[in-house]
Each structure stands twice: as structure tokens, then as C-alpha cells.
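Now for the letters of each chain:
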Amino acid sequence: MLSFLLTVKRLLGGVIRAFKQDNFRVIFVLILLMLLSGTIFYTAEENLSVLDALYFCVATLSTVGHPTFVPQTELGKIFTMVYIVVGTGLFLALIAHLAYAIMFQNEEKRDATKVFLHKARRKRSDSDG
């Protein structure tokens, strides 16, 4: 249980750190727009409920896929092909930014500590001399 909580803490720290990057925020907004546009399209064109359409969009963007739903209209099939290509790239970019933020968050803390210690030593040596 402790390991799980530490993992969640590290993940949340990475998300917070990633949101400080402009690129991450832009990709996040683009994914939200993709989810919104996909949900609206599948609700209108394929007659899915809002929840089913959103579920299909999330499953598609995360590359999991939906085992039972196949678009029935030609427009739905074309939209889905474009949606998969564009959405998968955006989703993978989001995951890559998040992974980078998680992997290097400890390195940044270590660098900040080194800078602080260096300043403290220099200040102490200035006051001694």
C-alpha cells in the first residue's frame, strides 16, 4: 500500500510539474478538444449516447480500442481514421511530456539543493574571511 501511495505521489508531482510547461498545456487542451469533438461527432453521426461516445473516444486515443463498436456510416469511418492518426499522436506526446516530468523531477530537486548548498558555503566563507 505504501508503494502505491508513493507512486501516486510521484505521478501527481509529475503532472503538476508538466503543467508548468507550455507545450504540455497546449497538448492537454488539444486532447480535450479532440475528446469534445469526437464525442459530439459520434453522438450526432453514429447515434451513440454521450457517455458511450466519450468512452469510445478515450479508448481510441489511448490506443486500447473499443472491442464492440465499429462506425456504421462512411463519414464515421473516415472521421475515425483521421481521429486515430491525429489523436494517437497527441496522446503519445502528452504521455511523453508526463514521463519526462516524472523522470527528471528528482534531478531538478537535486540541482536546486546543490545550488542552495553552494550559496550557503560561499556566504559562510565570505563571513569567515
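Preceding this paragraph is the structure being described.
Residues numbered from 1 in each chain as written. Predicted model: local features only at pLDDT ≥ 70, side-chain atom pairs only at ≥ 80, totals over all residues. Heavy atoms only, no water.

Tell me what's going on with the overall build of the protein, and back it up with residues and numbers.
Looking only at helices and strands, the protein features five helices and zero strands. Moving toward the C terminus, one meets the helices and strands of the protein in the order α-α-α-α-α. Sorting the 129 residues of the protein into buried and exposed places 26% on the buried side. Counting contacts in the protein only where the partners sit at least 6 residues apart, residues at least 24 apart contribute 70% of the total. Working note: accessible area of the protein is about 9,200 Å², and carbon and sulfur atoms make up 69% of it. (Helix = DSSP H or I, 4+ residues; strand = E, 2+ residues; numbered from the N terminus. Buried < 20%, exposed > 50% of the residue type's maximum accessible area, 1.4 Å probe, protein only. Contact = heavy atoms within 4.5 Å. Areas by Shrake-Rupley, 256 points an atom, 1.4 Å probe, with all protein chains shown as cover.)

If you had to explain the packing of aromatic side chains to someone new, which residues and values would you point to?
Given two aromatic rings, their pairing is described by the distance between the two centres and the angle made by the two planes. Inspection of every chain in the model, using the stated rule, returns 12 aromatic pairs. Summarising the aromatic geometry, the rings of Phe19 and Phe24 are spaced 5.0 Å apart at their centres and angled 80 degrees between planes, so their arrangement reads as edge-to-face. The partly exposed category is assigned to Phe19, whose relative accessible area is 31%. With a centroid separation of 6.3 Å and 85 degrees between ring planes, the pair formed by Tyr42 and Tyr83 is classed as edge-to-face. On the criterion of sequence distance, the pair formed by Tyr42 in helix 2 (residues 22-45) and Tyr83 in helix 4 (residues 74-103) is long-range, its members being 41 residues apart. Tyr83 matches Tyr42 in its accessibility class, with the two residues each being buried. (Phe/Tyr/Trp six-rings, centres within 6.5 Å; stacked < 30°, edge-to-face > 60°.)

Explain a nonpolar patch on the surface to me, using residue names and the numbers behind them.
Among the surface-exposed residues, Phe19, Val26, Phe28, Val29, Leu30, Leu32, Leu33, Leu36 and Ile40 lie close enough to one another that they form a single nonpolar patch of about 770 Å² accessible area. Ranked by residues supplied to the nonpolar patch, first place goes to helix 2 with eight residues. Its location among the elements puts Leu32 in helix 2. (Patch = residues over 30% accessible without salt bridge, like charges linked within 9 Å, V, L, I, M, F, W, Y side chains within 5 Å. Salt bridge = Lys/Arg side-chain N within 4 Å of Asp/Glu carboxyl O.)

Kindly report on the packing of helix 1 (residues 2-19) against helix 4, identifying the contributing residues and their values.
Where helix 1 meets helix 4, the closest approach of the two axes is 8 Å, and the angle between their N-to-C directions is 115 degrees. With respect to helix 4, the axis of helix 1 lies roughly perpendicular. Between helix 1 and helix 4 the crossing geometry is right-handed. Facing helix 1, whose interface residues are Arg10, Leu11, Gly14, Val15, Arg17 and Ala18, helix 4 presents His97, Leu98, Tyr100, Ala101, Ile102 and Met103. Tallied by class, residues from the contact of helix 1 with helix 4 come to eight nonpolar, two polar and two charged. (Axes fitted to C-alpha atoms, helices over the stretch in contact; angles between N-to-C directions. Parallel < 35°, antiparallel > 145°, perpendicular 65-115°, else oblique. Left-handed = near helix turned anticlockwise from the far one by under 90°. Nonpolar A, V, L, I, M, F, W, Y, C, P; charged D, E, K, R; others polar.)

Outline unusual backbone geometry, supporting the account with residue identities and numerical values.
With a phi close to 60 degrees, Asn47 is a non-glycine residue in the positive phi region. Looking at the secondary structure, you find Asn47 in the loop between helix 2 and helix 3 (50-61).

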